[in-house]
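Each chain, written out:
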Amino acid sequence: MENFAALIAASINSGTPLLIAALGLLINERAGVLNLGAEGMMLVSAIVGFAVGYQTHSPVLGFITGAIAGMVMASLFAWLALMLATNQVATGLALSIFGAGLSAFIGQSFVGMSITNQVTPLPYLSALPFVGVAFFSHHWMVYFSFALCVAITWFLYRSRAGLILRSIGESPESAHALGYPVRTLRFAALLFGGACCGLAGAYLSLVYTPMWVEGLVAGRGWIALALTTFATWRPARVLLGALLFGSVTILQFHFQAIGIAIPSQILSMLPYLATIVVLVLISRNPDWIRLNMPASLGKPFRPGSA
């Protein structure tokens, strides 16, 4: 039972960066903006957060600067995609490529360095048998990610601001005609998404793998993007999907530990293979996707055409 509790805890730990990043991207897409630059934003934030955390010995400052770095990258995308009306898909891909190169350049002097990783067990609850190890002995960012999921659910479905955001994603022309600043609100949504991707990247370099190596994010930005589709743009389903993909990631190490004779290359493929399989299964019913997807997702908005 102790091994099973440790496996659950490792799965939650592995799914946390996916959850945080996917929640930020969900807000972007609910506002009608498709940002494919998550991988690049997470990479830049990972090295910035690690560098600050390593130099100052303060992981909190690392998370703050990581979030700021993500917002800076997101603002670059917002300026190009919203203000200059560039193609969102091409701009997002360019941002990912740019982020990969920039993170490698910034991180040259930090390769191989490590930082102390400290968990934040909850008093009393962490001492409970089984559930204490599985659910209450994590880093504080894990608890933050669950709280963020609840907060975003309330925001989208129980607040007027969330209703406005969803209306912008469904029909920006109608929202503009009612007097809502579509570009400004989309810009704010992108900044929030960038901050979430920044926190996810910083979590990877400060907590999950408390060190820096080039390409540390290892495709998790793309998995987070797939999660939003997998979850049909709903926060609670994003949480379940993040835990699922986190479990698949951990299984590759578990199989190796118990000596199952599977080539390590195949085990390393598991998270990405699971992503492809899930997307293929979901895509079998395009009408279902169309019903749940924000109507203006990925489409530019030009106020003059309203």
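Heads up: the structure comes first, above all this text.
Per chain, residues are indexed from 1 in the order of the written sequence. Under the rules for a predicted model, residues below a pLDDT of 70 receive no local features and side-chain atom pairs below 80 are neither given nor counted, while totals for whole chains, interfaces and linings still include all residues. To get the side-chain values, all heavy atoms of the structure are used, and hydrogens and water are removed first.

(A) Geometry of the overall build of the chain. By definition, any uninterrupted DSSP run of H or I lasting at least four residues is a helix, any uninterrupted run of E lasting at least two residues is a strand, and each is numbered from the N terminus. Counting its secondary structure elements, the chain contains 13 helices and zero strands. Listed by position from the N terminus, the elements making up the chain come as α-α-α-α-α-α-α-α-α-α-α-α-α. C-alpha atoms of the chain, sized along the principal axes, occupy 60 × 45 × 40 Å. A simple rule labels every residue: compare its accessible area, found with a 1.4 Å probe on the protein chains alone, to the largest value its type can have, and call it buried under 20%, exposed over 50%, or partly exposed in between. In the chain, which comprises 306 residues, the share counted as buried stands at 47%. Note on definitions: a residue-residue contact is assigned when non-hydrogen atoms from the two residues lie within 4.5 Å. Sequence-distant contacts, at least 24 apart, represent 78% of the contacts inside the chain between residues at least 6 apart. With the model as given, the accessible surface of the chain reaches about 14,000 Å², and the carbon-plus-sulfur share is 70%. Residues scored as positive are Lys and Arg, those scored as negative are Asp and Glu, and His as well as the terminal groups of each chain are ignored. Charged side chains are reduced to one point each, which is NZ for Lys, CZ for Arg, CG for Asp and CD for Glu. In the chain, 13 positive and 7 negative side-chain charges are present, and the distance between their average locations comes to 11 Å. Here the open area of atoms and residues is found with the Shrake-Rupley method and a 1.4 Å probe, where only the protein chains shown may cover a residue.

(B) Summary view of the state of the cysteines. Cysteine sulfur atoms are paired as a disulfide whenever they fall within 2.5 Å. The tally for this structure, following the rule as stated, stands at zero disulfides. Cysteine Cys196 remains unbridged, with the sulfur of Cys197 as its closest cysteine sulfur at 7.1 Å. Take Cys197: its relative accessible area is 0%, and that puts it in the buried class.

(C) Highlighting the packing of aromatic side chains. Planes of paired rings set the category: under 30 degrees apart is stacked, over 60 is edge-to-face and the rest tilted, where pairs are Phe, Tyr or Trp rings (Trp by its six-membered ring) whose centres lie within 6.5 Å. As enumerated under the stated definition, the model contains six aromatic pairs in all. Both rings, one in Phe50 and one in Phe110, keep their centres 6.3 Å apart while their planes meet at 90 degrees; by these two values the pair is edge-to-face. Remark: Phe110 occurs in the loop between helix H4 (88–106) and helix H5 (131–135) and Phe50 occurs in helix H2 (residues 38–56); sequence separation between them is 60 residues. On the basis of relative accessibility, which here comes to 0%, the residue Phe50 falls in the buried class. Ring centres 6.2 Å apart and planes at 85 degrees place the aromatic pair Tyr54 and Phe110 in the edge-to-face group. On the criterion of sequence distance, the pair formed by Tyr54 in helix H2 and Phe110 in the loop between H4 and H5 is long-range, its members being 56 residues apart. A relative accessible area of 29% means that Tyr54 is categorised as partly exposed. Aromatic ring contacts, followed pair by pair, group Phe50, Tyr54 and Phe110 into a single cluster.

(D) Quick look at H4. By this rule, a helix spans an expected 1.5 Å times one less than how many residues it contains. Helix length check: H4, at 19 residues, gives a terminal C-alpha distance of 26 Å against a target of 27 Å (1.5 Å per residue), a fit within 8%. Gln88, Thr91, Gly92, Leu95, Ser96, Gly99, Ser103 and Ala104 are the residues of H4 that are buried. Under this definition, polar contacts are N or O atom pairs within 3.5 Å; protein pairs additionally need one hydrogen-donor-capable and one acceptor-capable atom, and for neighbouring residues in sequence, both atoms have to be side-chain atoms. Two to three positions downstream of the cap, the backbone nitrogen of Val89 sits 3.0 Å from a side-chain oxygen, assigning the N-cap of H4 to Asn87.

(E) Examining the side chain of His138 more closely. Along the chain, the position of His138 falls in the loop between H5 and helix H6 (140–158). What His138 contacts, discounting residues up to four positions off in sequence, is Ala9, Ile12, Val119, Thr120, Pro121 and Tyr143.

(F) Just the environment of Thr229, in detail. By secondary structure assignment, the location of Thr229 is in helix H10 (residues 220–230). Assessed through its relative accessible area of 22%, Thr229 is described here as partly exposed. Between the C-alpha atom of Thr229 and that of Leu185, which follows or precedes it by 44 residues, the distance is 22 Å. Once residues lying within four places of it in the same chain are set aside, the contact partners of Thr229 are Leu279, Ile282 and Ile289.

(G) Region of the structure containing the packing of helix H7 (residues 160–170) against helix H9 (residues 182–208). In this description, a line fitted to the C-alpha atoms serves as the axis of each element, helices being fitted only across the stretch in contact, and the angle between N-to-C directions of two axes falls anywhere from 0 to 180 degrees. Between H7 and H9, whose axes approach to 11 Å, the crossing angle comes to 110 degrees. One element, H7, and the other, H9, form an angle in the roughly perpendicular class. Within the contact between the two elements, H7 uses Ile164, Leu165 and Ile168 and H9 uses Val182, Leu185, Arg186 and Ala189. Partitioning the contact of H7 with H9 into residue classes produces six nonpolar, no polar and one charged. We call two directions roughly parallel when the angle between them is under 35 degrees, roughly antiparallel when it is over 145, roughly perpendicular when it lies between 65 and 115, and oblique otherwise. Under the scheme applied here, ten amino acids are nonpolar (Ala, Val, Leu, Ile, Met, Phe, Trp, Tyr, Cys and Pro), four are charged (Asp, Glu, Lys and Arg), and all others, including Gly, are polar.

(H) Here's a closer look at the packing of helix H1 (residues 2–30) against H10. At a minimum axis separation of 8 Å, H1 and H10 run at an interaxial angle of 55 degrees. In terms of their interaxial angle, H1 and H10 are classed as oblique. The hand of the H1/H10 crossing is right-handed. In this structure, H1 uses Leu18, Ala21, Ala22, Leu25, Leu26 and Glu29 to contact H10, whose residues at the interface are Arg220, Ile223, Ala224, Leu225, Leu227 and Thr228. We call a crossing left-handed when the near helix sits turned anticlockwise from the far one by less than a right angle, and right-handed when that turn is clockwise.

(I) Local environment of the nonpolar core. Ranked by internal contacts, the top residues of the largest apolar core, which has 78 residues, are Phe63 and Trp212. For this core, the secondary structure elements donating two or more residues are H1, H2, helix H3 (59–83), H6, H9, H10, helix H11 (235–257) and helix H12 (264–283). Among the elements that take part in this core, H9 stands out by supplying 13 residues, more than any other. What Trp212 contacts, discounting residues up to four positions off in sequence, is Leu43, Ala46, Ile47, Phe50, Ser103, Gly107, Phe110, Val111, Gly112 and Met113. Buried Ala, Val, Leu, Ile, Met, Phe, Trp, Tyr and Cys residues form a nonpolar core when they are joined through side-chain atoms within 4.5 Å.

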